[in-house]
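One-letter residues, chain by chain:
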2 protein chains.
Amino acid sequence: MIVLRYQNAMEPHIGAAGFAKADFDRALRAFRPGFRAILRDRRKLPFLELPYQESLFSRIEAYARQVRGRFRNLVHIGIGGSALGAQAMAGALLHRFHNERSKPRLYCLDNVDPEETAALFEHVDPRETLFHIVTKSGETTETVAGFLVALDRLRRADLDPSEHVVITTDRKKGFLKRAAAALRVRTFEIPEKVGGRFSALTPVGLLPAAMAGLPIQEIAAGAILADEQCARKDPERNPAFLFALLAWFMDARRGRRIHVIMPYARALRDVADWFRQLWAESLGKRWSTSGQETNTGPTPVLALGATDQHSQIQLYMEGPQDKLIVFLVPRQFRSDVTIPSSMSDPSADFLHGKCFSELLSAEQQGTQAALTAAGRPNLTIEIPQISPRTVGALLLFFEMAAVFAGRLYDINPFDQPGVEAGKKAAFALLGREGHADLRADLERRLAVDEQYTIR
Amino acid sequence: MIVLRYQNAMEPHIGAAGFAKADFDRALRAFRPGFRAILRDRRKLPFLELPYQESLFSRIEAYARQVRGRFRNLVHIGIGGSALGAQAMAGALLHRFHNERSKPRLYCLDNVDPEETAALFEHVDPRETLFHIVTKSGETTETVAGFLVALDRLRRADLDPSEHVVITTDRKKGFLKRAAAALRVRTFEIPEKVGGRFSALTPVGLLPAAMAGLPIQEIAAGAILADEQCARKDPERNPAFLFALLAWFMDARRGRRIHVIMPYARALRDVADWFRQLWAESLGKRWSTSGQETNTGPTPVLALGATDQHSQIQLYMEGPQDKLIVFLVPRQFRSDVTIPSSMSDPSADFLHGKCFSELLSAEQQGTQAALTAAGRPNLTIEIPQISPRTVGALLLFFEMAAVFAGRLYDINPFDQPGVEAGKKAAFALLGREGHADLRADLERRLAVDEQYTIR
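This write-up is about the structure you can find in this document. (Residues numbered from 1 in each chain as written. Chains lettered and ligands numbered in written order. Predicted model: local features only at pLDDT ≥ 70, side-chain atom pairs only at ≥ 80, totals over all residues. Heavy atoms only, no water.)

1. Examining the overall build of chain A
Move 1: Broken down by element type, chain A carries 18 helices and 13 strands.
Move 2: Against the 2.2 N^0.38 benchmark of 23 Å for 455 residues, chain A shows a C-alpha radius of gyration of 24 Å, consistent with a compact globule.
Move 3: Considering chain A as a whole, with its 455 residues, one finds that 65% of them fall into the buried category.
Move 4: When contacts within chain A are restricted to residue pairs at least 6 apart in sequence, long-range pairs at least 24 apart make up 76% of them.
Move 5: Surface exposure of chain A reaches about 15700 Å², of which carbon and sulfur atoms provide 46%. (Helix = DSSP H or I, 4+ residues; strand = E, 2+ residues; numbered from the N terminus. Rg over C-alpha atoms; globule rule 2.2 N^0.38 Å. Buried < 20%, exposed > 50% of the residue type's maximum accessible area, 1.4 Å probe, protein only. Contact = heavy atoms within 4.5 Å. Areas by Shrake-Rupley, 256 points an atom, 1.4 Å probe, with all protein chains shown as cover.)

2. Re unusual backbone geometry
Move 1: A cis amide bond links lysine 103 of chain A with the next residue in sequence, proline 104 of chain A, at an omega value of -15 degrees.
Move 2: With respect to the helices and strands, proline 104 of chain A occurs in the loop between α5 (98-101) and β3 (105-109).
Move 3: With phi around 60 degrees, aspartate 158 of chain B is a residue other than glycine that occupies positive phi space.
Move 4: Tracing the sequence through the fold places aspartate 158 of chain B in the loop between α7 (141-156) and α8 (161-164).

3. Remarks on the interface of chain A and chain B
Move 1: Contacts between the two partners involve 159 residues from chain A and, on the opposite side, 160 residues from chain B.
Move 2: Of the roughly 13300 Å² buried where chain A meets chain B, counting both sides, 59% is carbon and sulfur surface.
Move 3: At the junction of chain A and chain B, the tally comes to 16 salt bridges.
Move 4: Between arginine 334 of chain B and glutamate 115 of chain A there is a salt bridge whose closest N-O contact spans 2.7 Å.
Move 5: For the pair chain A and chain B, the interface holds 67 residue pairs in polar contact (both at pLDDT 80 or more).
Move 6: Per element, the largest residue contribution to the side of chain A that touches chain B is 15 residues, and it comes from helix α15 (residues 356-373) of chain A.
Move 7: When grouped by side-chain class, the residues that make up the side of chain A that touches chain B number 73 nonpolar, 44 polar and 42 charged. (Buried area = accessible area lost by both parts, 1.4 Å probe. Salt bridge = Lys/Arg side-chain N within 4 Å of Asp/Glu carboxyl O. Polar contact = N/O pair within 3.5 Å; in protein donor to acceptor, adjacent residues only side chain to side chain. Nonpolar A, V, L, I, M, F, W, Y, C, P; charged D, E, K, R; others polar.)

4. Brief notes about the relation of the copies chain A and chain B
Move 1: If you rotate chain A by 180 degrees and push it 0.0 Å along the axis, it lands on chain B with an RMSD of 0.0 Å. Overall, the copies show the geometry of a two-fold rotation axis. Proximity to the rotation axis, assessed at the C-alpha, singles out glutamate 100 of chain A in chain A; its C-alpha lies 3.0 Å from the axis.
Move 2: A shared binding surface is used by both copies, with 100% of the interface residues of chain A retained as interface residues in chain B. (Least-squares fit on C-alpha atoms with pLDDT ≥ 70 in both.)

5. Observations concerning the sheet that holds strand β13 (residues 453-454) of chain B
Move 1: Taken in spatial order, the six strands line up as β10(A)-β7(A)-β11(A)-β12(A)-β1(A)-β13(B) in an open sheet, and their pairing is mixed. Two strands in the sheet have a free side with no partner beyond their single neighbour: β10 (299-302) of chain A together with β13 of chain B.
Move 2: Examined bridge by bridge, strand β11 (residues 323-330) of chain A and strand β12 (residues 378-383) of chain A share six bridges and lie parallel to one another. Its bridge partner lying in β12 of chain A, valine 326 of chain A is registered against leucine 379 of chain A.
Move 3: Helix α13 (residues 269-283) of chain A contacts β7 (258-263) and β10 of chain A of the sheet and is inclined by roughly 170 degrees relative to β10 of chain A. (Pairing = 2+ DSSP bridges. Axes fitted to C-alpha atoms, helices over the stretch in contact; angles between N-to-C directions.)

6. Describing the nonpolar core
Move 1: By size, the foremost hydrophobic cluster in this structure holds 336 residues, and its most contacted members are Phe147 and Phe243 of chain A together with Phe147 and Phe243 of chain B.
Move 2: Every residue in contact with phenylalanine 243 of chain B, bar those within four places of it in the chain, is listed here: Leu4, Phe275, Trp279, Val326, Leu379, Ile381, Phe397, Phe398 and Ala401 of chain B. (Core = buried A, V, L, I, M, F, W, Y, C linked by side-chain atoms within 4.5 Å.)

7. Quick word on the pairing of strand β11 (residues 323-330) of chain B
Residue and element names in this part refer to chain B.
Move 1: Buried residues dominate β11, accounting for eight of its eight residues.
Move 2: Alternating positions in β11 separate into two faces, Lys323, Ile325, Phe327 and Val329 on one and Leu324, Val326, Leu328 and Pro330 on the other, with burial throughout.
Move 3: Pairing analysis gives six bridges linking strand β7 (residues 258-263) to β11, with the strands arranged parallel. Note on β11: the bridge partner recorded for isoleucine 258 is lysine 323.
Move 4: With respect to chirality, the unit in which β11 leads through helix α15 (residues 356-373) into the neighbouring parallel strand β12 (residues 378-383) is right-handed. (Right-handed = clockwise from strand over helix to strand, strands pointing away.)

8. Re the environment of arginine 5 of chain A
Move 1: By the secondary structure assignment, arginine 5 of chain A is in strand β1 (residues 3-5).
Move 2: Each C-alpha atom of the pair arginine 5 of chain A and proline 239 of chain A lies 9.3 Å from the other, and the pair is 234 residues apart in sequence.
Move 3: Beyond its immediate chain neighbours, meaning those up to four positions away, arginine 5 of chain A contacts Leu379, Thr380 and Glu382 of chain A together with Val448, Glu450, Tyr452, Thr453 and Arg455 of chain B.
Move 4: Separated by 3.0 Å, the side chains of arginine 5 of chain A and glutamate 382 of chain A make a polar contact.

9. Concerning the pattern of salt bridges
Move 1: A complete count under the given rule lists 62 salt bridges over all chains for this structure.
Move 2: When the shortest N-O distance is used, the salt bridge between aspartate 170 of chain B and lysine 173 of chain B registers 3.6 Å.
Move 3: Judged by its relative accessible area of 5%, aspartate 170 of chain B is buried.
Move 4: Where arginine 286 of chain B meets glutamate 293 of chain B, a salt bridge forms, and the shortest distance between an N and an O atom there is 2.9 Å.
Move 5: One salt-bridge network, held together by shared partners, links Arg5, Arg331 and Glu382 of chain A.

10. Some points on the sheet that holds strand β4 (residues 129-135) of chain A
Residue and element names in this part refer to chain A.
Move 1: Strand order in the open sheet formed by five strands is β3-β2-β4-β5-β6, with parallel pairing between adjacent strands. Sheet topology places β3 and β6 (186-189) at the edges, where each strand pairs with a single neighbour. The sheet shows a mean angle of 20 degrees between the axes of neighbouring strands, direction not considered.
Move 2: Pairing analysis gives five bridges linking strand β2 (residues 73-77) to β3, with the strands arranged parallel.

11. Side note on the side chain of glutamine 7 of chain B
Move 1: By secondary structure assignment, the location of glutamine 7 of chain B is in the loop between β1 (3-5) and α1 (11-14).
Move 2: A polar side-chain atom of glutamine 7 of chain B sits 2.9 Å from the main-chain carbonyl oxygen of alanine 447 of chain A.
Move 3: For glutamine 7 of chain B, the side chain forms a polar contact with the main-chain nitrogen of aspartate 449 of chain A, separated by 2.6 Å.
Move 4: What glutamine 7 of chain B contacts, discounting residues up to four positions off in sequence, is Arg445, Ala447, Val448, Asp449 and Tyr452 of chain A together with His13 of chain B.

12. Section: the environment of serine 335 of chain B
Move 1: Looking at where serine 335 of chain B falls in the secondary structure, it is placed in the loop between β11 and α15.
Move 2: Remark: the alpha-carbon pair of serine 335 of chain B and phenylalanine 356 of chain B, spanning 21 residues in sequence, is separated by 9.6 Å.
Move 3: With sequence-adjacent residues up to four places away left out, serine 335 of chain B is seen in contact with Pro114, Glu115 and Ala118 of chain A.

13. Observations concerning the packing of α15 of chain A against α7 of chain B
Move 1: Packing of α15 of chain A against α7 of chain B brings their axes to within 12 Å, and their N-to-C directions diverge by 175 degrees. On the basis of their axis angle, the class for α15 of chain A and α7 of chain B is roughly antiparallel. Here Phe356, Leu359 and Glu363 of chain A of α15 of chain A lie close against α7 of chain B, whose contacting residues are Thr141, Glu142, Ala145, Gly146 and Val149 of chain B.
Move 2: Here the contact of α15 of chain A with α7 of chain B is built from residues that sort into four nonpolar, two polar and two charged. (Parallel < 35°, antiparallel > 145°, perpendicular 65-115°, else oblique.)

14. Considering helix α11 (residues 216-230) of chain B
Residues and elements named next belong to chain B.
Move 1: The end-to-end C-alpha distance of α11 is 21 Å, a good match for the 21 Å that 15 residues give at a rise of 1.5 Å each.
Move 2: Most of α11 is tucked away, with eleven of its 15 residues classed as buried.
Move 3: Residues Ile216, Ile219, Ala220, Ala221, Gly222, Ala223, Ile224, Ala226, Asp227, Gln229 and Cys230 constitute the buried set of α11.
Move 4: In the core, the buried residues of α11 are packed alongside α2 (21-40), α3 (54-68), α4 (84-93), α10 (203-211), α12 (239-252) and α16 (388-409). (Expected span 1.5 Å × (residues − 1).)

15. Let's talk about helix α3 (residues 54-68) of chain A
All names here are of chain A.
Move 1: Over its 15 residues, α3 extends 20 Å from the first C-alpha to the last, a length consistent with the 21 Å expected when each residue adds 1.5 Å.
Move 2: Turning to α3, its buried residues number three or more, namely Leu56, Phe57, Ile60, Glu61, Tyr63, Ala64 and Val67. Along the axis of α3, the buried positions cluster into a sector of 160 degrees, meaning they face one direction only. Facing away from the buried side of α3 by over 90 degrees, the exposed positions are Glu54, Ser55, Arg65 and Gln66.
Move 3: The inward-facing, buried residues of α3 abut β4, β5 (165-169), β6, α10 (203-211) and α11 (216-230). (Arc of directions from axis to C-beta.)

Structural data, given as structure tokens:
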């Protein structure tokens, strides 16, 4: 399923920037107890149960069948982990111009941008729209705001929310749960112990996928295949552990704190964007597990091949030695275009009869070879082709890699305490009860110092 | 026009991570000769002439008026600097769902992804399509490949290329120039001395903008306003120089090599993506101007507010002290939504009657205050609102900042020698004449080492 090629991160292939075999073996020995502990406690990782919940998939599919034909639009309202998984699956598996061709059109309101929100509600007719409201806590400000607008637009059009809203949230608590009960709206659950960035394979991501007609059982089947690979007890054969080890090594031992994920397939761009959250929020931490201040974590960067060769590769080739490049490559494509000999010219003739897949592959390989020749480490994650199975596999593979990386970085990969301060400050600025004490400090801090302002 | 607030990069506000006033004054003195030399030689910067070419704008507008109503689709084929400027203007100034509502629909083929290319040519009917082919050299492989397919699809449909193709390329040389002559296709020019990433205000970006009905004279007028700001002779009042100085300082003196550009406006996302190329390709360099090996250059990262607060802020708050955050903020929005009191609940009532603009602003200010309190430097670039003028201003402002930064980093901001190696390798793999000698070395380098492969 997942193939990991890491020769260009090893000293024999890449030189001094790479992992020497002796150090590699030493690291494997050192981390073996941690590696084993994670595998032993696999049942404590709630997201690993998700691909096996067949009865849930049937319920989601039954719901999707029941409502799909009735709506022209599905508006998914959620942010962060409540949006990125759905976007990753839709981006990878729907037609590139889906919304201009097929129903239901999919929209994701994952921001509180006033212009975007106004444009969306101007664009969709509530009579033809199903709103999927997603928040783990049931209280996420951005999502609640979008929900309140959707509810208002439905009522103004004399529509019954129970016919136009479906809510995915916690089983018991939160505003959205209370709202669902009051409005008699259909709900789906996010399991209590599954954090937002690990929730793609819950109704959070699977409900919109099913609504769009994607085979969610196949997505889960792919995750199961990756789960089997990532449960292998030999660390050297376990792709998630090895990926985590190499990423950690490049950061902690080689100062390569920037991890560039570079899919060579437009359809995988949103998978890479989902990975950005997983990697940043899981590993970017102030405190180690033993309470030492560590301020650690790699910075994930998304680059798209071949497009970003004309934007970022100059920097990756010649800039500081602070990056690990991770290529994400399908071996085959679902469709292709042959370059016709519609015009002859010395600078074009070499292209005639070639396929775009050959062209893209040559660009990926050319870039990989050039980076390697310049002593710049890179990894390749390969999938057979983009499909429901391989997308499910990638999600689970990266999730397990984040768990292993959490151990290597010696931090808790499941929390996100650093987002609280900004959230509280925003509450205080909005005048939310219980945050008044913050306000004075904030106003002082936000006061404009004209000495340092250029107009 | 452009307002730069930099108090949170200064020691009195941010503490030790910031620029102390004495060091700041010393840096201003040290760089004054370089600053003055750039201003003195402004006429040598060809991109600065672009906003003043009124007769060109008239020609572009006349062409756009003539063809606009005739086509349902405009397919822009170009990559890197030949695509990002057009995308920035369209993304900022067209309706968020333009292609689902208005004609001409705009598509940008900026990759050689076989699936995306197949999907696009399946999606657009050549009879209803104008193809805008853009390449400075006239020979860019990706663009030539797309052009050959477009030409073939037109001929198969018995359509005259001269009616369905417009080419923007060099005035004299290159395959596309020869093709235009052979096909009697209308052409526009990219001035010889204007590099791709500085070419947004040439027909490269302005032709699609005009085709979409955008007022390109206004875009240019905004660039002129920014040009006036960025020509100020007092470095402390010059926003482009100050921005460059602070960015350079955070990198070179504080180890903050990651420059996060974080627009709080969905419509500015593509402007930020355009900035990614400008910053990475201009400053990421191996050699200094005096020929020392320097391997320098900040890594630009794009984050979108408020969305990425739920993805990247955990890392920015708690991770390594290796980032400078640059907020990009419109003071007013073009439209807004009031949050209705459609449902009462303790966790929602504080939102009732608030506008999304207040919500987004509170989130931006909350994030800024939290980062500042955590000793993490940040800058704010403010514009009155998103408009043709302010978008034009932002483009020119950042271009001038890249020129000043080039001086501070002591590199040539106008070249991109590091992209050649990968390009040549791709040519060799595709069997292009004159690259055979590379092939053996490449095949050795790309040979799979099964020892470092996990399946």
